[in-house]
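Reading the structure
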Amino acid sequence: MHEKIIILDFGSQTTQLIGRRIRELNTYCEIIPYNAFPADDPSVKGVILSGSPYSVNDANAFKTDLSAIRGKYPLLGICYGAQFLAYSSDGEVNSSGSREYGRAHLETLDSANPLFAGIAAGKQVWMSHGDTITRLPAGFCIIASTGDVAAAAFNITGEPTWGVQFHPEVYHTEIGMQILDNFLNICGCRKDWTPASFIESTVRELKAKLGDDKVILALSGGVDSSVTAVLLNKAIGKNLTCIFVDHGLLRKNEFDKVMKAYEQLNLNVIGVKAHEKFYGELANVTDPEQKRKIIGKGFIDIFDQEAHKLTNIKWLGQGTIYPDVIESLSITGMVIKSHHNVGGLPKKMNLQLVEPLRLLFKDEVRGVGRELGMPTELIARHPFPGPGLGIRILGEISPEKVSILQEADDIYISLMREWGLYDQVWQAGAILLPIRSVGVMGDERTYENTVVLRAVTSTDAMTADWAQLPYDFLSKVSNEIINKVKGVNRVVYDISSKPPSTIEWE
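Okay, so let's go over this structure. Not measured: the values here are computed from a predicted model.

1. What about the pairing of strand E11 (residues 214-219)?
Along a regular strand, successive side chains alternate from one face of the sheet to the other. Along E11, 5 of the 6 residues are buried, which leaves the element largely enclosed by surrounding structure. Taken together, the 4 bridges between E11 and strand E14 (residues 313-317) define a ladder with parallel strand orientation. Paired with Lys214 across the two strands is Ile313, which belongs to E14. Examined bridge by bridge, E11 and strand E12 (residues 240-246) share 5 bridges and lie parallel to one another. Along E12, the bridge assignment pairs Leu219 with Phe244. Of the crossover connections in this fold, the one passing from E11 over helix H5 (residues 223-236) to the parallel E12 is right-handed.

Spelled out as structure tokens, the structure:
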């Protein structure tokens, strides 16, 4: 059993970043709701309280009883978590008057405190809160301050409990990783959670969970489902049947290329071409959520059909990863967008879900794939959404629009590889807009489509910046698309980041 850090999620948008940082320090962690602490889990080594969109003084703020945690486990409260520690011990937390957001510096710091071991004063941290601790409870000792925040960090006397009002998990906090590493040292963590250990434990768990049961797996050609397939194949071999559905919304020649790659991995794959089914069901549909749901249901319908052709299928494998789960349902109940591979399955399928990558971030999935010896062309692929080009064609989908976008996207991605830019960005793709604009080609006036180029840099898909691609490259791509793709007379580049935008347009 892996030792673990429990991160209690109070609803912050950066909770998952805390998890990423702990994983980067080779320590397994789980993010669970703020009120669901597993008090009887002997593998828990320490606890972190996340931030929150609420003030501790709000009537609807997330609050929980910490009596099963405080004094029994090393505990670190971050931002709201720190304020909740003070508030729940009869301290005072009030509005700071002006929102404390952005860079600050720890002007004073107790370097003798184990949380700050090896750290000197003057380091930059990142603040993001509207409240501040105005009175600490008895026994709470200040161990760091900024110019504006007296209790930037505290430690409870005689208790392994700390709080910081800044965010050590974000990149702008220079000493963030050192603070988290120090906390793991306080917890006595071995820091031995690696891709190799994940594979070993996951294969062992899959063998125990699945036994001789048969699994049907959705393959998309992407990193997540491919790694899921190889993991399951390693665990259950011939009892795994993979289904690769061509919904007519894949990239140019994608189906044939991916089928060949899967054959080389010795996976048992059934390829299903279903263009007409999806095009028919998507006709006249413009709403993004409706498109996603139609495509998702189409996948499930086909899996159901294929499963009934096989005997004794009991499980449906999926390449769900952690950002899918976070974006599909947050603790605050706000759905950003639905993911086709997250959520319930029709009861008629009578299949249970197996999702071996559910708690991994994308870069961790790639690390596992490399450890499994999978080919680089599969592991280093950019993320590609399950609904495919269906959510990169804004508005109604038609075979003609799919063809236009496939050609434009192929030029874009091919040139990105040719220029050595592909591996420098997290994700890139072309988007077809549902608007036309006036242009001139030769001596003729045109009124044709607009293609958007999108490329972002990221480490986990939770946040992303637009990639600053060279102007001469963008010029080359634009000229190639306009000259070679019939129906396009304008190419633009998306320079928005996530947040506030999303990576995909729909």
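Next, the rest of the story.
2. Quick word on the packing of aromatic side chains
Within this structure, the stated rule accounts for 16 aromatic pairs. Taken together, a centroid distance of 6.2 Å and an interplanar angle of 5° make the contact between Tyr80 and Phe84 stacked. Here Tyr80 pairs with Phe84, and both are found in helix H2 (residues 80-87), just 4 residues apart, close to one helical turn. Across the pair, exposure class does not vary: Tyr80 and Phe84 are buried alike.

3. Structural notes on the pattern of salt bridges
The tally for this structure, following the rule as stated, stands at 27 salt bridges. Connected through shared salt-bridge partners, Arg20, Arg21, Glu24 and Asp363 make up one network.

4. Some details on the side chain of Gln83
Inspection of the secondary structure assignment puts Gln83 in helix H2. Discounting chain neighbours no more than four positions away, the residues touching Gln83 are Val56, Val93, His129, Asp131, Thr132, Ile133 and Gln165.

5. Concerning the side chain of Arg392
Within the element layout of this structure, Arg392 appears in the loop between helix H11 (376-379) and helix H12 (399-418). You can call Arg392 buried: its relative accessible area is 2%. Polar side-chain contacts of Arg392 include one of 2.8 Å to the side chain of Glu504.

6. Concerning the nonpolar core
Formed by 92 residues in total, the largest nonpolar core has its most connected members in Tyr412, Met416, Leu453, Leu469, Phe473 and Ile481. Ranked by residues supplied to this core, first place goes to H12 with 9 residues. Once you skip the residues sitting within four places of it in the chain, Met416 turns out to touch His382, Leu421, Tyr422, Val425, Ala428, Ala455, Leu469 and Phe473. Among the nonpolar cores identified, the runner-up in size contains 36 residues, and Ile5, Leu109, Met127 and Val149 belong to it.

Rules and cut-offs
- Residues numbered from 1 in each chain as written.
- Predicted model: local features only at pLDDT ≥ 70, side-chain atom pairs only at ≥ 80, totals over all residues.
- Heavy atoms only, no water.
- Buried < 20%, exposed > 50% of the residue type's maximum accessible area, 1.4 Å probe, protein only.
- Helix = DSSP H or I, 4+ residues; strand = E, 2+ residues; numbered from the N terminus.
- Pairing = 2+ DSSP bridges.
- Right-handed = clockwise from strand over helix to strand, strands pointing away.
- Phe/Tyr/Trp six-rings, centres within 6.5 Å; stacked < 30°, edge-to-face > 60°.
- Salt bridge = Lys/Arg side-chain N within 4 Å of Asp/Glu carboxyl O.
- Contact = heavy atoms within 4.5 Å.
- Polar contact = N/O pair within 3.5 Å; in protein donor to acceptor, adjacent residues only side chain to side chain.
- Core = buried A, V, L, I, M, F, W, Y, C linked by side-chain atoms within 4.5 Å.

These values are about where atoms sit, not about what they do.
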